[in-house]
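Residues per chain, in single letters:
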Amino acid sequence: MSQTLTQPQLTPNGATAEALAPRWMVVIYDNDVTPVEVVIHTLMVATGCDLTEAQIETWEAQEFGKAPVHFATRDECEAAASVIQRIGVKAEVSPEWND
């Protein structure tokens, strides 16, 4: 029995194209309306992070006015931001680096 194997597409430096794709991020902003517990739970649902990470990110948004909460592809970040915005928290998606 024969199998067909496919080689990953490599760039000149040997990295895969996916590895070189720009990463995106979700940034949330503090508000005085949404309860902290709701923000923490929503971050866990939207981004798949654990309780400790969600608590730290929520604290950071409270203390500094905003916090990066997720890094992934643009589509994944858009999906996470959509979930977060449903609870009234402002969430923006942007490239991780503005080159």
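This is a predicted model, so every value here is computed, not measured. (Residues numbered from 1 in each chain as written. Predicted model: local features only at pLDDT ≥ 70, side-chain atom pairs only at ≥ 80, totals over all residues. Heavy atoms only, no water.)

Would you mind going over the pattern of salt bridges with me for this structure?
Pairing is possible between side chains that carry opposite charge, provided their charged atoms lie close to one another. Counted according to the given criterion, the structure contains 3 salt bridges. Close ionic contact of Glu-78 with Arg-74 constitutes a salt bridge, the shortest N to O distance being 3.9 Å. Linking Glu-78 with Arg-74, this pair stays in helix H4 (residues 74-85), spanning 4 residues, or about one helical turn. (Salt bridge = Lys/Arg side-chain N within 4 Å of Asp/Glu carboxyl O. Helix = DSSP H or I, 4+ residues; strand = E, 2+ residues; numbered from the N terminus.)

Help me understand the environment of Val-83, please; the structure alone is not making it clear to me.
Topologically, Val-83 is positioned in helix H4. Residues Val-83 and Thr-42, spaced 41 residues apart in sequence, show a C-alpha to C-alpha distance of 7.4 Å. When near neighbours in sequence (up to four residues on either side) are disregarded, Val-83 contacts Thr-42 and Ala-46. (Contact = heavy atoms within 4.5 Å.)

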